[in-house]
Each structure stands twice: as C-alpha cells, then as structure tokens.
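Remarks on the overall topology
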Amino acid sequence: MLQHYPIPCAIVDIETTGGNVTYDRITEIAIIEVTKDGVTEWSTLINPRVHIPKSIQSLTGITDEMVATAPYFEQVAKEILLRLQGKLFIAHNVRFDYGFIRNEYARLAYSFKAKLLCTVKLSRFLYADRAGHSLEKIIARHQIYVAARHRALDDARATYKFMSIAEEEKGEHQVKQAIQHQYRKESMPAHFDACLVDELPNHSGVYYFWGENRELLYIGKSINIRKRVLGHFTADHKSSREMKICQQTRNITFEKTPGELSALLLESKKVKELQPLYNRRLRRVSTFYSVCLVKQQDGLLNPNILPISELPQANQKRYGLFRSAKQAKEAIQGICDSHGLCYQACGLEPFSKRACSSHQLKKCRGYCAGKLPALQHNVKLLESLSSLALTSWPYPGPVALVEGSGNDYYQYLLIDNWCVLATANSMEELLENARRKTQPEIDKDIYRYLRSAILTPSKTIKIFPLQSIRPLSQPLEATDIE
Ligand SMILES: [Zn+2]
C-alpha cells in the first residue's frame, strides 16, 4: 500500500498494436487502483479490430487469436471509466498510455481527462545518479520480480512495486518533492485546469492567455502551439513579466493556422486589435525603412532612406530593415564612423565647400576634402553595407502566396517587395481585398520567413506571380493568376 503518493490513484499499463497513438490500438489494459480501502487489480485483453504485427506479437505474447474473442474497447469503456474516474492517472511514460486511452474514448465521442503522474520522471528525480529509467532498467535496478514482461498487469505491478520501493528508500519528503517537481516542471499552476493543456494542438497558430474576468493577458504565436505554451510554464529562467503572465493566466484558447506566416500575421493583427496587457506595444510597426543607393552626377553613390513600402527602381538593392528613419540614419552614421566614410557623401550633412564635421574629427578619410575619389568611397560604402543587404524581390510585381497543406484550410496572401499587402481565405477574396488600400505589413520575422518561403518553396507554400506590374490602386483580375 502506497503511503506518500496522492490517493485515490490508478496505476495503468496498456499493450498496443504499435507506437503510433493515432493509428495503433490497445490490445490489453491493466489498472491497479489504490484507494483508502485498499488495492484492486483489474485487467482485460481488448480486441483491436486490426492485425497485431508479428514483431509486437512476439514482444508481448499477445496474439491475434488471443484477442479475437476479447471485448472491443467500447464494451469495457464504462468499466475502465469507473475505475479511472476521479483518480490520479499514473503510468510509466504516462503520455503514452494516457494518449492511447484518450484516443479510444475520442472514437466513442467522449472526452476523457485525468490528472497525470509519470513514473519515468519520478525515477529520474529520485534516482538521478542512475543510468536509464525505462521499466526494464528499473526492474533490473531494484530487482523487481516480474512474471511476464510486456503484459499489461505485470508491467503495472512492476510500476506499483517501483513506487513502493522508492518511498521506502527515499522517504516521504523526497517522494513528495519528486511529485511536486513534476507538476512544477511539466504542468500548470495549481489553480489551473490541467486538461486545458491536453487540448492544445501540436499545430501552428496563435494562442491567447486569459486572466481573471476574461481579461486578455497575452497573445503569442508558434509553429507548435502546445510546445510553446508548455514552454511558457516550464521555463526555468522566466522573466518577471513572464512569471506574472503565468500566475495570472486562468484560461488558454488558440486558433490554428495553416502555417507559420499565417500565424505571424494573425498574431500581429490580433495584438493590434485586442491590445493584450503584456504584449509589448508597437512590437510590429507597419512601416520599416531601408537604405537604397542613388548615383550622383559625379558617380558617387549616395545612401537614401526610404520606407520599405515605397518601391525603389526595379531590382535596386536595399540595405537593412529599420524601425524608423532615425534608426536608419544612426546605422549609416555608425558605418561612416567605423569605415572612414564621409558624412556629406552619405547624406548625414549637406554638401558644402567645407569638409564634413567627421573629417574635422579625423574620422572621415576626406571625400569632402577632395582626398578620396568617389569611386573609392563607393567601394568602401558598398563593402560596409554588404552585411545589411536585403535579398532583392525576385518577381516583376506582386505575387499571391498560398499557405496550407493537406486537408487543412488555406491562407491566401498578396505579397510584393517582401510586404504583405492583403490576406484572405480564398483567391477571390484576396483579389477583392487587394483593391482596398491596406497598410503593408512587414517586419524582420516576416521578411525572414518570406525570404525562405519564396526562395526555397516548400510543400506548404505555393506562389502565383501576378503577370504584370501595376499600381495596387488598379484592380487585379483573377485572370492575372497563372
Ligand atoms: Zn567628409
């Protein structure tokens, strides 16, 4: 009988037709219930309705013949539920057993939920100095007697036995610490419904943290909502801001998106729209600036700061993404100072008969004083800017980008010059939205993402160049799409 574990609890073990929680099925289940009244063992074979692969048959000893006469899951679903309900669900690698059981119930249109405890993690915490925490290793380590390995009841008994030995060897304090550690590490604060986490999908999208009285605390995006949300709660070195968010969160909701770009854009839109308490304001500004080089009469290349949405001459190289014109100017000044370039030639000071202020401080190598020819200044400028160069937009005009795959829904985006001009759920809607004037959406994340998406097309992204360049105020027709 367990002394220092929360009871009532149920130690569960299952055997399956394989390791895939979606496709494979349960062939046997064992439940050891521990309540204040004592310990009850129960197990049954289950007919999985599919052939058990030979390799699995020889591993578990459970054959097609044995399960042929066994009940289907739905015939024991109620029995299992009665045994598990209201108890802490314990298993060795609990996500596996829990996942399979949840899926079997999901097929019956029932949402099974339980609070979990994992004995792999328990072993890792209590026997940190020992190598390996598989059931195999634990059985060997503690010399636990097992009649038939890989049969559900025998494995559940071994797990139960391990728990008893652990509390005998390590005592109440350490066992309780190990349990607490697990909850702190992998699940949510006490006030938090752990079931919320189970519903989070391994899918790209946007998630919302809600506080008391449905106050919106935070919006985030990820290519894997579940992983990212768990990350918020398990990070060892949380910032105080993140700590506050976690403590105040009472509910989490999410919206799936067909991919990363759609998640980025949805997050940006929702942050602006809903202004959550903890999202830094102006995280995404609608106008970025970059630098273009314009040739003067004497052949000198002169940096020009332009909003990114303002089209420079076709295929003209651009440098840097800056949040403001001021920031771009500061970057140019930094480059001038460290490379001996001229303030006048770089547009930081007006041209005059006198040398620039930087030359007077002996930093500018003297283009302004006639000491450095334009050509040499150009070479130095190009060299120093090269690390900031943005990839040139590879199309003659806007493209329609479609994100999504398989049976998921698709997101349609109108993109030009690395800016997202419009989004929609269908091509027709996209062309419709393109007629309206919208703020172009760009930032470093979007630029980086678009660059990789467009230059190395993936399965989830399709690009349709629109045939001709035309100002966006003119309507685009569906026939423009190749
Ligand atoms: Zn100068």
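Now for a quick tour of the structure. These numbers were taken from a predicted model, which means no experiment stands behind them.

Rules of the game
Residues numbered from 1 in each chain as written. Predicted model: local features only at pLDDT ≥ 70, side-chain atom pairs only at ≥ 80, totals over all residues. Helix = DSSP H or I, 4+ residues; strand = E, 2+ residues; numbered from the N terminus. Expected span 1.5 Å × (residues − 1). Buried ≥ 20, exposed ≤ 12 C-beta atoms within 10 Å, placed from the backbone. Arc of directions from axis to C-beta. Contact = placed C-beta atoms within 7 Å. Pairing = 2+ DSSP bridges. Axes fitted to C-alpha atoms, helices over the stretch in contact; angles between N-to-C directions. Parallel < 35°, antiparallel > 145°, perpendicular 65-115°, else oblique. Left-handed = near helix turned anticlockwise from the far one by under 90°.

The terminal C-alpha atoms of helix α12 (residues 325-339) lie 21 Å apart, and with 15 residues this matches the ideal 21 Å at 1.5 Å per residue to within 8%. Among the residues making up α12, those that are buried are A328, I332, I335 and C336. The buried residues of α12 occupy an angular sector of 100° when the element is viewed end-on, so they sit on one face. Residues of α12 that are exposed and angled more than 90 degrees away from the buried face: K326, G334 and S338. Where α12 is buried, its residues contact β9 (289-295), β10 (301-307), β11 (318-322), α13 (357-360) and α14 (374-385).

Glancing now at the sheet that holds strand β2 (residues 26-35). Spatially, the 5 strands line up as an open sheet ordered β3-β2-β1-β4-β5, and their pairing is mixed. Because the sheet does not close on itself, it has two edges, and the strands there are β3 (38-45) and β5 (116-118). Direction aside, the axes of adjacent strands within the sheet are offset by 20° on average. As paired strands, β2 and β3 are joined by 8 bridges and run antiparallel to one another. Across the sheet, residue V34 finds its bridge partner in β3, namely V39. Each of β1 (9-16), β2, β3 and β4 (88-91) is contacted by helix α3 (residues 73-84), which is oriented at about 20° to β2, the strand it contacts most. On top of the sheet, helix α5 (residues 119-126) reaches β4 and β5; it is set at about 50° to β5, its chief contact.

Attention shifts here to unusual backbone geometry. Peptide bonds are, in most cases, trans, and in most cases residues other than glycine have a negative phi. A cis amide bond links I7 with the next residue in sequence, P8, at an omega value of 5°. Within the fold, P8 resides in the segment before β1. Phi is positive for H150, close to 70°, though the residue is something other than glycine. Examined against the element boundaries, H150 turns out to sit in the loop between α6 (135-142) and α7 (152-186). Of note in this structure, K362 is not a glycine but carries a positive phi near 65°. If you trace the backbone, K362 turns up in the loop between α13 and α14. For K362, a count of 9 C-beta atoms within 10 Å gives the class exposed.

We now examine the packing of helix α11 (residues 260-274) against helix α16 (residues 444-455). Taken N-terminus to C-terminus, the directions of α11 and α16 make an angle of 160°; their axes are 10 Å apart at the nearest point. Relative to α16, α11 is oriented roughly antiparallel. Crossing handedness for the pair α11 and α16: left-handed. Between α11, through E260, L261 and L264, and α16, the contact on the second element is made entirely by D445, I446, Y449 and A453.

What follows deals with the pairing of β1. Counting buried positions along β1 yields 8 of 8 residues, so the element is predominantly enclosed. Here β1 shows no split at all, with C9, I11, D13 and E15 on one side and A10, V12, I14 and T16 on the other all buried. Direction of pairing for β1 relative to β4: parallel, over a ladder of 3 bridges. Note that in β4 the partner of I11 across the bridge is I90.

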